[in-house]
Structure formats: C-alpha cells, structure tokens
Amino acid sequence: MPALRWNAVRMSRYLETEVLVVGAGPTGLVTALLLAESGLKVVIIDREQRPATHSYACGLHPASLELLDRLDLLDGVRAQSRRIDRVAFYSPDGTREAEVCLAPLPVKHPYVLVCPQNHLEALLAHRLAEQGCAVRWHHRLATLEPGPEGVAAAVDQLVGTATGCAVPRWHWVVGRTLQVTAKYVVGADGHYSVVRQALGIANETLGPTEHYVVYEFEPERELADELRVVLTDRTKSVLWPLPAGRCRWSFQLAGHEEADVFEKDRDPFWGEPPARAQLTRQRLEERLAAHAPWFDAGIRAVDWAVDIQFEQRLARQYGQGRCWLAGDAAHQTSPAGIQSMNLGLLEAEDLAGKLAQVLRGEASESVLSAYEHVHLAAWRQLLGAEALPAPGAAVKPWITTHRRAILSSLPASGPALALLLAQLGLASP
Ligand SMILES: Cc1cc2nc3c(=O)[nH]c(=O)nc-3n(C[C@H](O)[C@H](O)[C@H](O)COP(=O)(O)OP(=O)(O)OC[C@H]3O[C@@H](n4cnc5c(N)ncnc54)[C@H](O)[C@@H]3O)c2cc1C
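Residues numbered from 1 in each chain as written. Predicted model: local features only at pLDDT ≥ 70, side-chain atom pairs only at ≥ 80, totals over all residues.

A. Representation of the overall build of the chain. Secondary structure assignment for the chain yields eleven helices and 21 strands. Taking 429 residues into account, the globule formula puts the C-alpha radius of gyration at 22 Å, and the chain, at 22 Å, falls close to it. Its C-alpha atoms give the chain principal-axis dimensions of roughly 65 × 60 × 40 Å. The proportion of buried residues among the 429 residues of the chain is 43%. (Helix = DSSP H or I, 4+ residues; strand = E, 2+ residues; numbered from the N terminus. Rg over C-alpha atoms; globule rule 2.2 N^0.38 Å. Buried ≥ 20, exposed ≤ 12 C-beta atoms within 10 Å, placed from the backbone.)

Written out as structure tokens, the structure is:
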C-alpha cells in the first residue's frame, strides 16, 4: 500500500523578539515568565506537544520556594504538595545513621515541598499564558547563528501526519520553518541542549553515570514526612513520600545491572499488560528486600515505573555573546537532592534579571559573565570537582565514608547547603 504522505508546505515566517527561550521545562518556563513580567518581548518554544506528565524532579528546595513565593505561585504549588522537614540517612539494615533537619535554616520557608514536576510545569505554563506569552509547543530549534547584534534562529514547527493505510502510524514532520531574530537566546533545552552544541561548548564529565529504576506506588499505610536515603558503598536508594498518599522509591543499580535510558515522556497515561505488571511488582519487592528490608508500609498499587540514567556533567561555559545556558542544559547530577532542577530555577531568575538589565541599558554585558562565574563555581563545588566536604574532628566514620553521596542528596544549595552539612559535622567544600 502506498504510504499517505504529508506534503510539508515549507513556508517561512519571520518573528522578531528580544529573547528567545529554547525549552519549556521548569528552567525555561521560569526564565520566560520573569522576562515577560519585566515587560520584555519573549518567545518560548518547545519541541514537545505539552509539559511533562509525570513527577520527575519532585522536590522544591527552600530557595525555590522563596522564588515561587516572589512569583505569587507558592499557594498553587502548596495545594498540590506534601511538606517534608527532614532528610534521614540509612544503612540497608535499617540503621538510621544520620539526619538533618530543615527547620533551623534561617530562611522564609525552611522545608521542602514535594511537588510532582508535571504540576509545577503546568502552573508555570498557565501563568505564562496569562502574561500573553504562551509556550509555542511543537516548535523545535533547528539552527542558531549568533551575530554581534543578535541571533538568527531557524525553528521548525512540527505537525502531525499519519503514514500507512490499514494501520496508520502517527509521525511529526516539519510543517514550516520560522526564522526568528532575537537579541538574546536562552538555552534551557535540557541535557542534550542543541544551544550548547551549536555554541560548541564542551560538557565535562565530573563523575560516573548513575543508573536508577524508579517506582511510584500507593503504600498500605501513611509514611513519615521525611526523605530517606539508603547508602551502600556503591549505591543510593531514595524514598520520597508523595502527595495524595503515594510514594516513590528510586534504586540506583549496581554496575552489573541493566537499565534502559529513558527520555522525559509526555504520555499522560502509564500502564502495563497484567503479566508485565506482575513482573514490575515482583522486581520492586526484590529491590526493597535488598536495599530496604525495613520498609514495612506495603505496596497497594504500582502506578509508574521507569529506568533512567543521570550523568554528572558540567558545561565548560554557561554561554557567550548573545546565547546563554541555564538548567540541565548546563549541568546534571545525581538525583536524590533534586539539585539540577532547583539550581536551574535559581539560574533562571538570575539570568532573566541580568538580561532585563542589559536590554534596558541598565548594565553592560559583563553582568552575563558574572552570571557564568557564580554558577560555574557553585556547580564545581556541588559536584565535588575541587574537594569534598571536610569532616570535623568528631564526625562519625559512616558520614566521612559517604560524604560524596551525602553532598548530592541534600535538598539545598549555597549557604543553606553549608548549614545542613554542618549539622552532620561536615564543612562545605
Ligand atoms: C523519568 C525522570 C525522572 C527524573 N527524576 C529526577 C529526580 O528524582 N531528581 C532530579 O533531580 N531530577 C530528576 N529528573 C530530571 C529533572 O526532570 C530535570 O533535572 C529537570 O527537568 C531539568 O529542568 P530543565 O528545565 O533544565 O530541563 P528539561 O526539563 O529537560 O527541559 C528542557 C526542555 O527543552 C526541550 N527541548 C530540547 N531540545 C529542544 C529543541 N531543539 N527545540 C525546542 N525545545 C527543545 C525539551 O522538550 C524539554 O521540554 C528526572 C527526569 C526524568 C525524565
């Protein structure tokens, strides 16, 4: 049978803006929102058809809560969240080796809100649309040509088409290409950033890749309001209590265990055929027996399972000239402390503020180099590139042994992170 073919009408259309934000994940959404709120002309594009549909990075640090508060979004986030006040570190045999409390932090919101990433993204996208700057979904950055006065970008608008006759298959093809001219471009386009690659910026590896398998389920009884991190010499497993009586276990796989790489998916529905579902539950029970035999809350129903790998990488530069990176486009790390997304939100705020100053003629472009300097230094510290947290005289040997894993498991950055480390007798690197 001849395939039904979409005859792509490659019309060009011209768009001019002050800032083009590439990527509508949490980092891009916050960047665009802050730029739009300061009255600048912004275009935000994403190659996907909608925001995230699952929980992914599900915790918001105290500093992110302050940012959301400033954006007047905190009440909306809180309504879909669960508050946690402590992080506890365990050995697999159930020994509670150490704990840190968020309450003593001298900040406005000294706690973490567990908020599924899809809820956060939906709130941000909604607010942005209210500002008259709706995300252009299904728009994929194809090429980027930075110049001294601005950046010329080709953006492919994707449209759906079916091929095959008896059993049509759905594809996305380029409907037309927009020629976008922007004074500045923000690459908030995630780990495989096209903007970073177009700028030729190297993405340095600063630690081993970590493979995880993640399960979300309804336990049979309520869990404590704390994040639990189980550490062995080679692996990290994390228990997150989620809103609506659910929870998440993420188990890091040891070197010999296989994991499929998983892209951020957009399907709102997750399901498995019964035989596969049985196997998923069995694997979860086995992993609990191996890593957390003390977990006695039971499993009522597994509603999401996924394999994912996290790299520990940092871009050599945060940008140059008129193109700048933020969020996962510039870094990725181990997932327990949700540091990559939360620091991405703070970078978004910093970059948006600095771009607004430059565009209004209130500051020179050198403030953008300062942006790079501050965040590169923060990440080199977080990834333990220079040094690990130094143990004080009375610190438990278990904490000294696991300090690298502890550093990436604490839900904070900057001075708040230093205070949490101090509770464990560790000095910030
Ligand atoms: C299954 C899963 C589980 C996760 N669990 C955790 C966790 O437990 N802890 C943790 O810290 N993190 C976790 N993460 C990672 C977390 O989701 C990211 O750190 C976070 O999303 C980063 O936000 P961002 O906005 O910087 O990038 P992203 O959310 O990756 O957003 C980038 C956006 O750019 C778009 N894009 C890419 N290329 C183009 C292009 N050429 N043109 C237009 N748009 C483009 C993408 O479609 C995407 O929407 C998880 C991720 C997944 C997928």
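Moving on from the model shown.
B. Spatial organisation of the sheet that holds strand β4 (residues 82–84). In space, the three strands of this open sheet follow the order β3-β7-β4, with antiparallel pairing throughout. Each of the sheet's edge strands pairs with one partner strand only, and the pair in question is β3 (59–60) and β4. Of the pairings in the sheet, the one linking β4 to strand β7 (residues 112–114) comprises three bridges and is antiparallel in character. When the sheet's bridge partners are listed, Arg82 is paired in β7 with Val114. (Pairing = 2+ DSSP bridges.)

C. Looking closely at the sheet that holds strand β14 (residues 236–241). Read across the sheet, eight strands follow the order β6-β5-β13-β14-β15-β12-β16-β19 without closing on themselves; strand pairing throughout is mixed. The open sheet has two edge strands with one neighbour each: β6 (96–101) and β19 (331–332). Pairing between β14 and strand β15 (residues 247–252): five bridges, direction antiparallel. Bridge pairing links Leu239 to Trp249 in β15.

D. The site of the ligand, seen in detail. Not every one of the 32 residues close to the ligand is listed here, only the nearest: Gly23, Gly25, Gly190, Gly327 and Pro335. Among the secondary structure elements, those contributing two or more residues to the shell around the ligand are α1 (26–37), β2 (42–46), β9 (139–146), β16 (301–315) and α7 (339–359). Taken together, the residues of the shell around the ligand break down into 15 nonpolar, ten polar and seven charged. (Near = placed C-beta within 6 Å. Nonpolar A, V, L, I, M, F, W, Y, C, P; charged D, E, K, R; others polar.)

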